[in-house]
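Fold and geometry: a report
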Amino acid sequence: MRDAWIVVAVVGAITLVFKAAGPVFLGRRQLPAGVQSVVDLIAPVMLIALVVTQTLGGDKEIAVDARVPGVAVAAVAIWKGAPIVAAMAIAAVVTALVRLVA
Amino acid sequence: MRRSNVRSVKADASTTPRLRDGVRAAVPLAPGPFLFGLSFGILAESAGLGAAAAVVMSATTFAGAAQFAAVSVLDSGGTVAAAIMAAVFLNARYVAISLTVASIFPGGRIRRLAESQLIVDESWALSGRSGRFEWPILAGAGLLLYVLWVGSTTLGTVVGDVLGDPNALGLDAAFAALFLALAVPYLRERKAVQAAVLAAAITFVLIPIAPAGVPIVAAATACLLGLKR
């Protein structure tokens, strides 16, 4: 519980500074080109890493379980242009059904 | 919304959008943030974050992906440091985003500090639709999204309490799908695809050997591909 509040406080404070960076602290300055190109990659990199841990992460092992078919079907739906909420629902339903049967 | 509520828009009303135009612009997006907030509340509750911490996080961080990332790391047994780093890395993009809209915020430092917190991916994207960034659109859209986000998180913590084990419902897979769907728009450029593949490989290799949370933080090094020409 205390851990949770530390995370909430620190992430909240740092995010506040990030969002205020332009309007309050730095003005219209531009990031150096190298920094900008690294920053541009942060979102895809972190999100894909989260997909891997959230799909295959076990107790210090790679766990292939009911999540895999769920995420796979959702990936096809995303590729076909399904909205995010629909993709989430598809992943949840397929995974829940596989768990029910298994 | 009544006219008196948009007092802060001083500019010429015939050409400049008003705050309410920003609110209106965000209405079509409303179901998304509402359902994300709801699921964040449910996940946070099941991850043992506690209802109060979940709602405070939505009110202060107000950035969906980072909040999900932090809770996902904590939920999988990761350390406080790993959870913080995952969220902070994800939110670093707001430095770049806020620089693009630095000049549109009116008023003194305190007001700019407060209103800059309404910057989220969606309000920022909407505010630039006309070809130049417009403060009333950003602030109006941000306000609506903020109310939705905090409100639906609160609702989610209540629902989550009733639901029991969310993994039986496949919620763990739903969050994987969420992260994937959020990543896809970034994967149009070749360098982003290469970095994402490298990040996936780093994560995959480290899951069996590193403590929970560490694989995600280590995967962030894949961003350094950005330095390559």
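What you are looking at is a predicted structure, and each value in this text was computed from that prediction instead of being measured. (Residues numbered from 1 in each chain as written. Chains lettered and ligands numbered in written order. Predicted model: local features only at pLDDT ≥ 70, side-chain atom pairs only at ≥ 80, totals over all residues.)

Things to note about the overall build of chain B
Filter applied, for reference: Going along the chain from the N terminus, every DSSP run of H or I of four or more residues is numbered as a helix, and every run of E of two or more is numbered as a strand. Exposed residues have 12 or fewer other C-beta atoms within 10 Å of their own C-beta, buried residues have 20 or more, and residues in between are partly exposed; the C-beta atoms are placed from the backbone. Contact definition: two residues whose C-beta atoms, as placed from backbone geometry, lie within 7 Å.
A tally of helices and strands in chain B yields 12 helices and zero strands. Going residue by residue from the N terminus, the α and β elements of chain B occur as α-α-α-α-α-α-α-α-α-α-α-α. For the C-alpha atoms alone, the extent of chain B along its principal axes is close to 60 × 50 × 30 Å. The buried share of chain B, reckoned over its 229 residues, is 52%. Look at the contacts in chain B between residues 6 or more apart in sequence, and 66% of them connect residues 24 or more apart.

A closer look at the nonpolar core
As a reminder of what qualifies: Linking buried Ala, Val, Leu, Ile, Met, Phe, Trp, Tyr and Cys residues through C-beta atoms within 7 Å yields a set, and such a set is a nonpolar core. Marked domain ranges trace back to an automatic or database domain assignment.
Counting 116 residues, the largest nonpolar core has Val45, Met46 and Ala91 of chain A together with Ala70, Ala86 and Ala177 of chain B as its most contacted members. Residue contributions to this core peak at 13 residues, all from helix 2 (residues 33-56) of chain A. Two domains share this core, each providing at least three of its residues, namely domain 1 (17-185) and domain 2 (189-229) of chain B. Filtering out sequence-adjacent residues up to four positions away, valine 45 of chain A remains in contact with Ala195, Ala196, Ala199, Ala219, Ala220, Ala222 and Cys223 of chain B.

Some points on the interface of chain B and chain A
Accessible area lost upon the coming together of the parts is a frequently used measure of interface size. The condition is simple: Gly is put with the polar residues, along with every residue not named as nonpolar or charged; the nonpolar set is Ala, Val, Leu, Ile, Met, Phe, Trp, Tyr, Cys and Pro, and the charged set is Asp, Glu, Lys and Arg.
Taken together, the contacts link 84 residues of chain B with 68 residues of chain A. Considering every element that reaches the side of chain B that touches chain A, the biggest residue donor is helix 10 (residues 171-183) of chain B, with 13 residues. In terms of residue class, the side of chain B that touches chain A is made up of 64 nonpolar, 15 polar and five charged.

Some thoughts on the domain arrangement of chain B
Residues and elements named next belong to chain B. Taken domain by domain, chain B holds domain 1 (17-185) and domain 2 (189-229). When each unit is reduced to the centre of its C-alpha atoms, the spacing between domain 1 and domain 2 is 23 Å. Every contact between the two is made by 11 residues of domain 1 and, on the other side, seven residues of domain 2. Broken down by element, the side of domain 1 that touches domain 2 gets its largest block of residues, five residues, from helix 5 (residues 80-91).

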